[in-house]
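For reference, the chains in residue letters:
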Amino acid sequence: MVLTSNFDQFLRQLSEIQREILNSWSSTLPNMQSFNMENFRDTFDNTLKFQEQVMTSSLEFQALVARLSIEAQKQFWESYFNILRKR
């Protein structure tokens, strides 16, 4: 629970920092008043969703590779012991 709480706090702080950077950046550029912040937020959300999908797929792939590796090792050792038993 402490790890989850710390991670949630980290994400909130990261979001806050990003918001402050964006606000600072927009205040320094004179043409930013015409910039559509709603459109930016949608793009940001879509990018975030894409990153989440990529990471989820990556973790699922890693899990699959681990299962296949374990299955291959299991088959190898079963064959090894079966060969020794037949001799």
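Above this note sits the structure.
Reading guide: rules and limits
- Residues numbered from 1 in each chain as written.
- Predicted model: local features only at pLDDT ≥ 70, side-chain atom pairs only at ≥ 80, totals over all residues.
- Heavy atoms only, no water.
- Helix = DSSP H or I, 4+ residues; strand = E, 2+ residues; numbered from the N terminus.
- Buried < 20%, exposed > 50% of the residue type's maximum accessible area, 1.4 Å probe, protein only.
- Areas by Shrake-Rupley, 256 points an atom, 1.4 Å probe, with all protein chains shown as cover.
- Salt bridge = Lys/Arg side-chain N within 4 Å of Asp/Glu carboxyl O.
- Patch = residues over 30% accessible without salt bridge, like charges linked within 9 Å, V, L, I, M, F, W, Y side chains within 5 Å.
- Phe/Tyr/Trp six-rings, centres within 6.5 Å; stacked < 30°, edge-to-face > 60°.

Some thoughts on the overall build of the protein
- When helices and strands are counted, the protein shows 2 helices and 0 strands.
- With 87 residues in all, the protein has 3% of them scored as buried.
- Of the roughly 8,300 Å² of accessible surface on the protein, a fraction of 60% belongs to carbon and sulfur atoms.

Remarks on the pattern of salt bridges
- By the definition in use, this model includes 1 salt bridge.
- Arg41 is the partner of Asp45 in a salt bridge, and the nearest nitrogen-oxygen pair spans 3.5 Å. Of this pair, Asp45 and Arg41 both sit in helix α2 (residues 37-86), 4 residues apart, roughly one helical turn.
- Look at Asp45 and you get partly exposed, because its relative accessible area is 27%.
- On the basis of relative accessible area, Arg41 is assigned to the partly exposed category, the value being 45%.

Considering a nonpolar patch on the surface
- A surface patch of nonpolar side chains, about 530 Å² in accessible area, is lined by Phe76, Trp77, Tyr80, Phe81 and Leu84.
- For Trp77, the location among the structural elements is in helix α2.
- Trp77 gets classed as partly exposed once you look at its relative accessible area, which sits at 44%.

Notes on the packing of aromatic side chains
- Tallied over the full model, the rule gives 4 aromatic pairs.
- Here the aromatic rings of Trp77 and Tyr80 are separated by 5.4 Å at their centres, their planes lie at 85°, and the arrangement is edge-to-face. Note that Trp77 and Tyr80 are positioned in helix α2 at a spacing of 3 residues, about one turn of the helix.
- On the basis of an interplanar angle of 75° and a centroid distance of 5.1 Å, the ring pair of Tyr80 and Phe81 is categorised as edge-to-face.
- An aromatic cluster is present here, built from Phe76, Trp77, Tyr80 and Phe81 joined pairwise through their rings.

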